[in-house]
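Structural overview
For reference, the chains in residue letters:
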Amino acid sequence: MLAPILDRVLYFNLGSFGRMIVELIQNNKWFFLSMFLIYGGIILYAKVIWSHYMPKKMYSYLKSTELKNRSIEELYQGWLRYRKNLPQYILVPTHNEFWVKPAAKMTGTEQKLFYNSNRKKMNEKDCFTLIAEQL
């Protein structure tokens, strides 16, 4: 029942190139499924790192430094130097969150998207400032 409708849509709307792409995907379902699973897993890993691991690292960095005679801006510059030494497998989402990059190569001004809570939408400097003020 659904097959003739799909054939008609594929034939009239996609053209020969579009039909070729759909056929390629249909013939290699497991390959494309596994590629999308890997891609989704990497993005999810990066979001967990951004929302849980990085604030904990910021908190431990602030606990280990001397807070009394340094401004928040100086502490943040120290955090940026500390973050450059993080391992390459610590990934964070890029500014558009369609891919990831190592945390050591971040600029610190990336605005994160697609989160429900306002705390997770903050950029790195705002999050660092909030954690520093809580201490």
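Scroll up to find the structure.
Residues numbered from 1 in each chain as written. Predicted model: local features only at pLDDT ≥ 70, side-chain atom pairs only at ≥ 80, totals over all residues. Heavy atoms only, no water.

**Some remarks on the packing of aromatic side chains**
The description of an aromatic ring pair rests on the distance of the ring centres and on the angle between the ring planes. All chains considered together, the criterion is met by five aromatic pairs. Here a set of aromatic residues connected by ring pairs shows up, and it is made of Tyr 61, Trp 79 and Tyr 82. (Phe/Tyr/Trp six-rings, centres within 6.5 Å; stacked < 30°, edge-to-face > 60°.)

**Let's talk about the side chain of Thr 65**
Inspection of the secondary structure assignment puts Thr 65 in the loop between helix 2 (29–64) and helix 3 (72–83). At 3.2 Å, the side chain of Thr 65 forms a polar contact with the backbone oxygen of Leu 62. Those residues in contact with Thr 65 that sit more than four places away from it in its chain are Arg 70 and Leu 75. (Helix = DSSP H or I, 4+ residues; strand = E, 2+ residues; numbered from the N terminus. Polar contact = N/O pair within 3.5 Å; in protein donor to acceptor, adjacent residues only side chain to side chain. Contact = heavy atoms within 4.5 Å.)

**Regarding a nonpolar patch on the surface**
Residues Leu 2, Ile 5, Leu 6 and Val 9 make up a contiguous nonpolar surface patch of about 370 Å² in total accessible area. Along the chain, the position of Leu 2 falls in helix 1 (residues 2–27). (Patch = residues over 30% accessible without salt bridge, like charges linked within 9 Å, V, L, I, M, F, W, Y side chains within 5 Å. Areas by Shrake-Rupley, 256 points an atom, 1.4 Å probe, with all protein chains shown as cover. Salt bridge = Lys/Arg side-chain N within 4 Å of Asp/Glu carboxyl O.)

**So, the packing of helix 3 against helix 5 (residues 124–134)**
Running from amino to carboxyl end, helix 3 crosses helix 5 at an angle of 120°, the nearest separation of the two axes being 10 Å. One finds that helix 3 runs oblique with respect to helix 5. For the pair helix 3 and helix 5, the sense of crossing is right-handed. Every residue of helix 5 that contacts helix 3 at Ile 72, Glu 73, Leu 75, Tyr 76, Trp 79, Leu 80 and Arg 83 is listed here: Glu 124, Lys 125, Phe 128, Thr 129, Ala 132 and Glu 133. Grouping the constituent residues of the contact of helix 3 with helix 5 by class yields seven nonpolar, one polar and five charged. (Axes fitted to C-alpha atoms, helices over the stretch in contact; angles between N-to-C directions. Parallel < 35°, antiparallel > 145°, perpendicular 65-115°, else oblique. Left-handed = near helix turned anticlockwise from the far one by under 90°. Nonpolar A, V, L, I, M, F, W, Y, C, P; charged D, E, K, R; others polar.)

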